[in-house]
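Descriptive analysis of the structure
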Amino acid sequence: MSDEPQPQPKTPGWASRESLAAGDPQTAGPEGAGKSKKPKRPKRTGWRRLIPTWRMVVGTFVVGVLLLIGGFFLGYSLVHIPAANALATKQANVYLYADGSVIARDGEVNRESVGLARISKDAQHAVLAAEDRDFYTESAIDPGAMVRAGWNTATGKGKQSGSTITQQYVKNYYLAQEQTITRKVKEFFISIKLDREKSKDEILEGYLNTSFFGRGAYGIQAAAQAYYGVDAKDLTAGQGAYLASLLNAPSQYDVVAHPENRPAAEARWNYVLDGMVKKDWLTPAERAAQKFPVPKESTISTGMSGQRGYIVNIVKDYLISNEIVDEEELDRGGYRITTTLQKDKQNAFVKAVDDKLMSQLDKKERKVDTYVRAGGASVDPSTGKVVAMYNGIDYVKQYTPNATRRDFQVGSTFKPFVFTSAVENHSETQDGRTINPNTIYDGTSERPVQGWSGTRYDPENEDHRDYGDITVREATDKSVNAVYAQMAVDVGPGEVKQTAIDLGLPADTPEMPEGPAIALGTATASPLDMAEAYATLANHGRHGTYTLVEKVMKDGKHEVDLPERREHQAVSREAADTTTSVLRSVVQNGTATAAQAAGRPAAGKTGTAEEDTAAWFAGYTPELATVVAVMGQDPETAAHKSLYGAMGLPRINGGGAPAEIWGQYTREALEGEPVSDFDLRLQTGADVTAAPTADSSDEPGSGEESGTGAPDDESSGDEDTGTETPGGSASTPPGDTGGEGDTSTGGPATGGPSTEPGPTGGAGGGEDDSSGGGTTEGGDGGETTGAGGGGDSGTGTITGLPTRPGRESQ
């Protein structure tokens, strides 16, 4: 055996790397016999190293899809439907006349939300044709439209929206308008969620109520009014198509503001109509008949100028004070408030004031004319509805609503309440005679009131005129202060005050003392307060609080409950009707002959405030009770001012401008309505004159009626003599039915009163005819004269009669 190393057999299957690399077949072993060797893939070099392999592409795609799915579910879970943005929920409150026409809108945003049922089908279809024709069949998101819109925008074909109506609604209602990625992502997810939670109808309704149409109008209802002056429910296909066109470019497509853009607007309008035909929402024949509906150049102003601002604020106060709508809720908006105001009557009231008063003023030449203000209210006696109001020349110039202010004395328009109270309470004179229209009183000026336990009170008549023995009817015709101050004591000042409240004056009416001065109208009730009280007289003594609102809707869907109007017999029919018969004589023979211009049977009373700071006429026909006041107020200091010299006249009194305004307004307001006469049931004995007793004393404080004690057959104008006292007839005025159907001794109650305008002069001697249209009322000046009667009116210190210097407006 040799010591040399012997070669060892190689392990099968083993080969050196070099052999394998060289492809030596001897090293392949028995297993590799007959097999070809796989070539090695060449290494990637150069630019080829930058191209991803298919494995990389597939892997990236799979990972991307997983990330998208995960991101979608994460976003869907994290993004919640937020509360509506403030702008989307802010609405105007809309105030309407009784016929549905718009008075005004308040609030910063001109929007009025309405239910889908209150939007015409044509208008709905027009919007769908313009913005999203497949809205009812597609999902909330349209990826194809989004891609298409993005491509068109990127390639310069114009900025386009790929949003569905659902997405646009989300943007309008829940999000801001900024164009950011964050907003678009939120819009995407909210739209998907909203589509699952709300019906298509709800989404479309929301979209139509939140979209901007130009002219400051948010929502299709506001737009319908702004462009065409109609409600959304009345929009035609053509009008709806135009409004739908505005959604694309509101300011540019307003052909009134931009007439140069009319071709583009019409092209868009045609596109909308053609889309309606394609979706079978409009027939080809209907399409062919369409003409471009040019919008109105101007529609009803949404501002507060003219009477609008006054009305809005008065109605607001009415809703809040009657707890119909909470003030905070009302401020949020969304209320559609139908008032009882009638547009034709409202316009007639404004015109009458302009014709009979405002057009007669010369503010440059007469400083006193700058003080003149007017206020008034008109009420339907049978329903209590306020049908018209006048508050001032313009809300943006004079803010105080003159129809509801309570700071001017009502003067002698209060006197009928004294007589009504006398009849209601079966009152008697100091010497035991029942008070009726023909009861004789002593009409001597500055005669001390008898039976009054307070400080001496001796009011003066107009121009200190003495009337001597005079019936209540004639004393009312001539507004004799001495008679009515005495009557108030005979009835009882407390009872007089209560009757005034029962008729309709608020219990907290300022300056309504329980003393003889109450008869002369120291109370500062508003024209609306007085109209309510006079409406009760016109309604035969039945009273119901006035009503200013007919209907209230919230968000166009929910009707707000209104308080039930209750009516009751405030005073007996005999008391109210007998007062009416007396007030008819005032219009026929007394200080209010100018009111005959109404051309209808009328009853009323004139009045003048202390120092002539206000002049009133309160009157009614069977159909309408209206009160007019002309007031004096310094525009700088708001102090009450006398109206001596206003309109170029020595004075303005109730028989002048107020009665003339009343006459013209009433004639126009009731034009076309049948003329009806008063149906009166008079107080028993109203046709019998009661003479003073023979032993009546003239001594003050004796408790007896002051007078001459002359028997009936010696008294001028007494019924028994068969001769009629001017303005003081003992008979019932023509057309009035006496108690229980009997006619008075003055003749049968057949036929109606004259409907011709009365004479320009007044009844009763010594009365100023300076008004030009009626007569200056006797007895209204110096109504609140103090003790002694010889000084200036309003300077006394009588109990129940405080001194009333000019005051600042409250």
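Criteria and thresholds
- Residues numbered from 1 in each chain as written.
- Predicted model: local features only at pLDDT ≥ 70, side-chain atom pairs only at ≥ 80, totals over all residues.
- Heavy atoms only, no water.
- Helix = DSSP H or I, 4+ residues; strand = E, 2+ residues; numbered from the N terminus.
- Buried < 20%, exposed > 50% of the residue type's maximum accessible area, 1.4 Å probe, protein only.
- Contact = heavy atoms within 4.5 Å.
- Areas by Shrake-Rupley, 256 points an atom, 1.4 Å probe, with all protein chains shown as cover.
- Core = buried A, V, L, I, M, F, W, Y, C linked by side-chain atoms within 4.5 Å.
- Pairing = 2+ DSSP bridges.
- Axes fitted to C-alpha atoms, helices over the stretch in contact; angles between N-to-C directions.
- pLDDT = per-residue confidence, 0-100.

A separate point is the overall build of the protein chain. When you go through the protein chain residue by residue, the secondary structure sums to 22 helices and 16 strands. Buried residues in the protein chain amount to 53% of all 810 residues. For the protein chain, the proportion of contacts with a sequence separation of at least 24, taken over those separated by at least 6, is 71%. In the form shown here, the protein chain has an accessible surface area of approximately 35,800 Å², with 51% of it arising from carbon and sulfur atoms.

One can find Glu 514 in the loop between α19 (493–503) and α20 (527–538). You can call Glu 514 exposed: its relative accessible area is 52%. Between the C-alpha atoms of Glu 514 and Gly 492, which are 22 residues apart in sequence, the distance is 8.2 Å.

The next subject is the nonpolar core. Counting 126 residues, the largest nonpolar core has Leu 357, Phe 414 and Met 487 as its most contacted members. Counting 44 residues, the second-largest nonpolar core is a separate cluster that includes Ala 232, Leu 247, Ala 249 and Leu 282.

Here we take up the sheet that holds strand β15 (residues 614–620). Taken in spatial order, the five strands line up as β7-β6-β16-β15-β14 in an open sheet, and their pairing is antiparallel. A single partner strand is all that each edge strand has here, and the edge strands are β7 (386–390) and β14 (603–608). Pairwise comparison of adjacent strand axes, ignoring direction, gives a mean angle of 5° for this sheet. Two strands pair when backbone bridges link them, and β15 and strand β16 (residues 625–632) are joined in this way by seven bridges, in the antiparallel orientation. Residue pairing across strands places Phe 617 opposite Val 628, the latter belonging to β16.

What follows deals with the confidence of the model for the protein chain. For the protein chain, mean pLDDT is 77; residues scoring 70 or higher make up 68% of the total. A low-confidence stretch, residues 24–34 (pLDDT under 50), is modelled with four contacts involving residues beyond four sequence positions or located in other chains. Taken as a whole, residues 693–810 scores under 50 in pLDDT and shows 308 contacts with residues more than four places along the chain or in a different chain.

A few words now on the sheet that holds strand β1 (residues 93–96). Ordered in space as β2-β1-β5-β11-β12, the five strands form an open sheet in which the pairing is mixed. With one partner strand each, in any of the chains shown, β2 (102–106) and β12 (558–559) form the two edges of the open sheet. Two elements, β1 and strand β5 (residues 335–339), share three bridges in a ladder whose sense is parallel. Residue pairing in the sheet places Tyr 95 in a bridge with Ile 337 of β5. Each of β1, β2, β5 and β11 (549–554) is contacted by helix α13 (residues 308–321), which is oriented at about 75° to β2, the strand it contacts most.

A few words now on unusual backbone geometry. Where the residue is not glycine, phi is negative for most of them; where a peptide bond is considered, it is trans in most cases. Unlike most non-glycine residues, Glu 511 shows phi in positive territory, near 55°. Among the secondary structure elements, Glu 511 is positioned in the loop between α19 and α20. Here Asp 612, not a glycine, exhibits a phi torsion of approximately 55°, which is positive. Topologically, Asp 612 is positioned in the loop between β14 and β15. Under the relative-accessibility criterion, Asp 612 is labelled buried at 3%.

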